[in-house]
Amino acid sequence: MYFKSTRDDSLAFSSSEAILTGLSPEGGLFVPDEMPAFDRTFAELSALSYQDLAYEVMKLFLTDFTEAELRDCIDHAYDEKFDTPAIAPIKEADGAFFLELFHGKTIAFKDMALSILPHLMTASAKKCGLDKEIVILTATSGDTGKAALAGFDSVPGTRIIVFYPKDGVSPIQKKQMVTQPGSNTFVVGIEGNFDDAQNGVKAISGNAELRAELAEAGFTFSSANSINIGRLVPQIVYYVHAYVSLLREGKIADGEKINIVVPTGNFGNILAAFYAKQMGLPVRKLICASNENKVLFDFFRTGVYDRNREFHLTSSPSMDILLSSNLERLIWLLCGQNAQENRKLMQELKETGKYEISDAMKAGLESFCGYYADEEETAKTIRKIFARDSYIIDPHTAVAACAYEKYREDTGDDTVTVIASTASPYKFTHSVLSAIDEKYDAYADFDLIAPLQELSGVPVPGAIREILDAPVKHTTVCGRDEMTAVVKGFLGV
Ligand SMILES: *Cc1c(COP(=O)(O)O)cnc(C)c1O
């Protein structure tokens, strides 16, 4: 299998090259040259552990990894860092199946991919004969930063530097990052917002002079963001896992179609579900759930992608995104894998902030539909599901549950449905508890940990317990124009 660029047909990369490079040199995203099909039946796959299933799915994409290399990566990722041997357990509530993707080290679904990416990356470096230390630069609005830090912590041959907006993350997210152990980790607060951090990281990694200087000193930059195929491929696994788990438990028949609902920001998670469908997973509809930043909802209704609009800060911050990078991979498929056509649309997006797809391309969207939930509906959904099933979900998952309810009302479709549950409610205690009862409004996030345990009956996760008394290790704060100096300082260059 080779990986092509969505913007240049003439390029072909092996999976290890694509993982190391992240983004194609001309700005395109790597896409598999053809979608592989499962080579085992669902009945066979349903007998496997999560780890063995991960191997069966990932081997179809990472064809230049040996079995031993890939299994080694998987074994280092999906181990006792997860608080359940099921890795991604499924809970039935409110007429749907919640696929809990938050049992990893940092209690958000980012762990599903970022616990394996560092191992895929160091294995790729070895295969490609890279003789430099890999420096991961990441800008974060909250969840990615901590998940990347936890993933790369103490991985030999790597260092990681995370920039977060100093006043733009939740108290729990901030504490998670600044207490991060590991001699190869570095966390910096930026005097600015997430876009400033993101632009700074882009400027640093695109600075040819700096790259040369660092190469001299034995370092090379890479990225852990969600466009890396080393993050996308591991995300396909849990949709297959959900299907074969429902099959094993007799909730569906072999071959029966399911719906999948995904709370969406950068379009990475739902794209993985679409890849699973293309590989042959029986899926009827992929329901793309948005919060008040509903660019994707509008896109699925009209075929027009338009980021020129007001930006809303919501209780589901990891979905507060107006530019969904991974959508480009779907657009490329819709225009018949035509890099030229795709590049034209992406150029339009860059210049005007919008583009419209053709009627022929719109016809290719029939697997998808979009719904959105505003802030009030999100809170109402948390309250309703708790009242009915004593099950407490986080605001991102609540956006998805609300979208599903609207879909069901509109269509009457009673297909068995899986909802991707992307974060633990313990990460957003204030939003969650004040949705359930306004008496919690006056309290801070950290004061609501014990009340959440009492109400939910779910023990406080290790990720929360370990930060309560952990010493602060990272106190660096810098201005937007000091980021390069900070990076050089950390690397001793
Ligand atoms: C990142 C994130 C999302 C959005 O996922 P995408 O792959 O960017 O669409 C949703 N929920 C949570 C909790 C997240 O951390």
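Data block above holds the structure.
First things first, this report covers the structure right here in the doc. These numbers come from a predicted model, not from an experiment.

## Some remarks on the nonpolar core
The nonpolar side chains of soluble globular proteins are, as a tendency, buried together.
In step 1: In this structure, Met58, Tyr239, Phe267, Ile331 and Tyr355 are the most contacted members of the largest nonpolar core, which totals 107 residues.
In step 2: For this core, the element with the highest residue contribution is helix 11 (residues 229–248), accounting for 13 residues.
In step 3: Here tyrosine 239 is in contact with Leu99, Ile260, Val262, Asn269, Ala272, Ala273, Ala276, Leu281 and Ala420, once residues within four sequence places are set aside.
In step 4: By size, the runner-up hydrophobic cluster in this structure holds 42 residues, among which are Ile107, Phe386, Val399 and Leu452.

## Observations regarding helix 13 (residues 295–302)
In step 1: Among the 8 residues in helix 13, 6 count as buried, and that is most of the element.
In step 2: Buried within helix 13 are the following residues: Val295, Leu296, Phe297, Asp298, Phe299 and Phe300.
In step 3: Phi turns positive, to about 80 degrees, at glycine 303, one or two residues after helix 13.

## Some details on the site of the ligand
In step 1: Within the structure, the ligand sits among 15 residues, and Lys110, Asp143, Gly265, Asn266 and Thr422 are positioned closest to it.
In step 2: Between the ligand and lysine 110, the relevant distance is 2.6 Å, taken from an oxygen atom to a side-chain nitrogen or oxygen of the residue.
In step 3: One of the side-chain nitrogen or oxygen atoms of aspartate 143 is found 2.8 Å away from an oxygen atom of the ligand.
In step 4: Here the ligand loses 97% of its free accessible area of 390 Å² to cover by the protein chains.
In step 5: Looking at the shell around the ligand, its residues break down into 5 nonpolar, 8 polar and 2 charged.

## Observations concerning the pattern of salt bridges
In step 1: For the coordinates displayed, the defined rule picks out 27 salt bridges.
In step 2: Close ionic contact of glutamate 56 with lysine 59 constitutes a salt bridge, the shortest N to O distance being 2.8 Å.
In step 3: Owing to a relative accessible area of 9%, glutamate 56 belongs among the buried residues under this scheme.
In step 4: The exposure class assigned to lysine 59 is partly exposed, which follows from its relative accessible area of 24%.
In step 5: Aspartate 143 serves as the salt-bridge partner of lysine 427, at 2.9 Å between the closest nitrogen and oxygen. Linking lysine 427 in the loop between strand 15 (417–421) and helix 19 (429–436) with aspartate 143 in helix 7 (residues 143–152), this pair joins segments that are 284 residues apart in sequence. Taken individually, lysine 427 and aspartate 143 each receive the classification buried, so the pair is uniform in this respect.

Conventions we followed
- Residues numbered from 1 in each chain as written.
- Predicted model: local features only at pLDDT ≥ 70, side-chain atom pairs only at ≥ 80, totals over all residues.
- Heavy atoms only, no water.
- Core = buried A, V, L, I, M, F, W, Y, C linked by side-chain atoms within 4.5 Å.
- Buried < 20%, exposed > 50% of the residue type's maximum accessible area, 1.4 Å probe, protein only.
- Helix = DSSP H or I, 4+ residues; strand = E, 2+ residues; numbered from the N terminus.
- Contact = heavy atoms within 4.5 Å.
- Near = heavy atom within 4 Å.
- Polar contact = N/O pair within 3.5 Å; in protein donor to acceptor, adjacent residues only side chain to side chain.
- Areas by Shrake-Rupley, 256 points an atom, 1.4 Å probe, with all protein chains shown as cover.
- Nonpolar A, V, L, I, M, F, W, Y, C, P; charged D, E, K, R; others polar.
- Salt bridge = Lys/Arg side-chain N within 4 Å of Asp/Glu carboxyl O.

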